Amino acid sequence: MSGVIYWGLWLFFRLLGTIFFRFRTEGEPFFPKDGGVIVAANHASYLDIPLLGCAIRRRVVFLGRASLFPNRILSWMLQRLGWIPLNTHRLDRKAFGVALDHLKAGTPVVIFPEGTRTEDGHLQQGRPGVGYLVKESQCQVIPAFISGTFKVLPIRAKWPKLFPVSVSFGKPIDFPKNDVTNKKLEYEHIGRAVMEHIAQVGGIPPLRHDVSRL
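What counts, and at which threshold
All residue numbers refer to positions counted from 1 along the written sequence of the respective chain. Local features in this predicted model are restricted to residues whose pLDDT is 70 or higher, and side-chain atom pairs enter the listing and the counts only when it is 80 or higher, whereas totals over whole chains, interfaces and linings include all residues. Processing note: side-chain calculations cover all non-hydrogen atoms of the structure and skip hydrogens and water entirely. The numbering of helices and of strands both runs from the N terminus, where a helix is a DSSP run of H or I of at least 4 residues and a strand a run of E of at least 2. Within these notes, the globule rule equals 2.2 Å times the number of residues to the 0.38 power, and the radius of gyration is based on C-alpha atoms. A simple rule labels every residue: compare its accessible area, found with a 1.4 Å probe on the protein chains alone, to the largest value its type can have, and call it buried under 20%, exposed over 50%, or partly exposed in between. When checking whether two residues touch, look at their non-hydrogen atoms; a contact exists if any pair is within 4.5 Å. Each accessible area is a Shrake-Rupley result for a 1.4 Å probe, and residues are judged covered by the shown protein chains and nothing else. Neither His nor the chain ends contribute to the count of charged residues, in which Lys and Arg are positive and Asp and Glu negative. Where a charge lies is defined by one atom per residue type, namely NZ (Lys), CZ (Arg), CG (Asp) and CD (Glu). Definition of nonpolar core: a set of buried residues of the types Ala, Val, Leu, Ile, Met, Phe, Trp, Tyr and Cys, connected through side-chain atoms within 4.5 Å. Salt bridges are defined as contacts in which a side-chain nitrogen from Lys or Arg sits within 4 Å of a carboxyl oxygen from Asp or Glu. Under the convention used throughout, the expected extent of a helix is 1.5 Å for every residue step, that is, one less than its residue count. Starting at the helix axis, one direction is taken to each C-beta atom, and the arc is that of these directions. Throughout this description, a polar contact denotes any pair of N or O atoms lying within 3.5 Å of each other; where both atoms belong to protein, one of them has to be capable of donating a hydrogen while the other can accept it, and for residues adjacent in sequence the pair is counted only when both atoms sit in side chains. When DSSP finds two or more bridges between a pair of strands, those strands are recorded as paired. Comment: axis = line fitted to C-alpha atoms, over the contacting stretch for helices; angle = value between 0 and 180 degrees taken between N-to-C directions.

Participant: Tell me what's going on with the overall build of the protein chain, and back it up with residues and numbers.
Facilitator: Along its length, the protein chain carries 7 helices and 7 strands. Written out in order from the N terminus, the α and β elements of the protein chain read α-β-β-α-β-α-β-α-β-α-β-α-β-α. What you see for the protein chain is a C-alpha radius of gyration of 16 Å, in line with the 17 Å of a compact globule of 214 residues. Dimensions of the protein chain, computed from the C-alpha atoms along their principal axes, are close to 50 × 40 × 35 Å. In the protein chain, which comprises 214 residues, the share counted as buried stands at 46%. Within the protein chain, counting contacts between residues at least 6 apart in sequence, those at least 24 apart form 72% of the total. Accessible area for the protein chain stands at about 11,700 Å²; split by element, carbon and sulfur atoms hold 57% of it. Within the protein chain, one finds 28 positive and 16 negative side-chain charges whose respective centroids are separated by 7 Å.

Participant: Residue-level account of the nonpolar core, with values.
Facilitator: Residues I38, L63, L133, V141, F175 and V194 are the most contacted members of the largest nonpolar core, which totals 30 residues. In this structure V194 touches A40, P113, V130, V141 and F175, once residues within four positions along its chain are discounted. One finds Y6, V37, C54 and F169 within the second-largest nonpolar core, a separate group that totals 27 residues.

Participant: Can you tell me about the pattern of salt bridges, naming the residues and giving the values?
Facilitator: The final tally for this structure, using the stated rule, is 4 salt bridges. Among the salt bridges present, the one from R24 reaches E26, with a minimum N-O distance of 2.4 Å. We classify R24 as partly exposed; its relative accessible area is 45%. Residue classification places E26 among the partly exposed residues on the basis of a relative accessible area of 39%.

Participant: I'd like a description of helix α4 (residues 93-104), backed by residues and values.
Facilitator: Compared with the 16 Å implied by 1.5 Å per residue over 12 residues, the 16 Å span of α4 between its first and last C-alpha is a close match. What α4 keeps buried is the set A95, F96, A99, L100 and L103. The buried residues of α4 occupy an angular sector of 140° when the element is viewed end-on, so they sit on one face. Facing away from the buried side of α4, by more than 90 degrees, are the exposed residues K94, D101 and K104. Residues of α4 that are buried in the fold lie against β2 (38-41), β3 (61-65), β4 (83-86), β5 (109-111) and α5 (129-137). Once α4 ends, the next one or two residues include G106, with phi positive near 95°.

Participant: I'd like a description of helix α7 (residues 183-202), backed by residues and values.
Facilitator: For α7, built from 20 residues, the straight-helix expectation of 28 Å at 1.5 Å per residue is met to within 8% by its first-to-last C-alpha distance of 29 Å. Listed in full, the buried residues belonging to α7 are E186, Y187, E188, I190, G191, A193, V194, M195, I198 and A199. N-cap assignment for α7: the residue whose side-chain oxygen lies 3.3 Å from the backbone N of K184 is N182. Note on α7: the residue one or two positions beyond its end, G203, has a positive phi of about 70°.

Participant: Any chance you could break down the sheet that holds strand β7 (residues 166-169) for me, citing the residues and the numbers?
Facilitator: Spatial ordering of the open sheet is given by β1-β7-β6-β2-β5-β3-β4, a layout of 7 strands whose pairing is mixed. Only two strands of the sheet have a single neighbouring strand rather than two, namely β1 (24-26) and β4. Adjacent strand axes in the sheet meet at a mean angle of 25°, parallel and antiparallel pairs treated alike. Two elements, β2 and β5, share 3 bridges in a ladder whose sense is parallel. When the bridges of β5 are listed, I38 appears paired with V109. Where α7 meets the sheet, its contacts fall on β2, β6 (141-147) and β7, and the angle it forms with β6 comes to roughly 50°.

Participant: Give a description of the pairing of β6 that names residues and reports values.
Facilitator: Counting buried residues along β6, 6 of its 7 residues qualify, which places the element largely inside the surrounding structure. Of the strand pairs in this sheet, β2 and β6 are connected by 4 bridges, and their pairing is parallel. Bridge pairing links I38 to V141 in β6. Relative to β7, β6 is paired through 4 bridges, and the arrangement is antiparallel. Opposite I146, over in β7, you have V167 as the bridge partner.

Here is the structure:
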């Protein structure tokens, strides 16, 4: 039943995006047709989740801030559809454990490495959580750049505006397996590298290397 609802919502948001926001995608051939893969995208708006989801022609799950949907019934329903509540104030091993199980089962997992929506439309620093997920899963990362959603519905906006939106996918990134003594630094390094690839996909300058904590 959840599959029927998922694809119904997928079609609804795809049509909504096409009609009102001239929604388009680029780089879809880079997305593997099967197997677990991590999708890492920038985060500018609440619209990022449904529009990124309907840009991917596979069922995916999303790691998202646990306080995003405080209503218990709504939270339960969204978890059935693929939302993984994530505590962003620390390394939430429980949430990442669920994500790892999905990856091992061949389901793509979406993560927003910045951890929260941008205040000014610019990319933020990547947090170490994406590095942890990469190292523990050894899965490829697909960088994705979402353009236009900050113009449509930025933080504190009450109503969306009409503005073109697009989702662009980059080539898969492989992070070689290696043994390091300082895992935290390795996670931070991967977080920086992933955000640099997202910036490249969006055609914007790379970030300064200041790392935020989980």
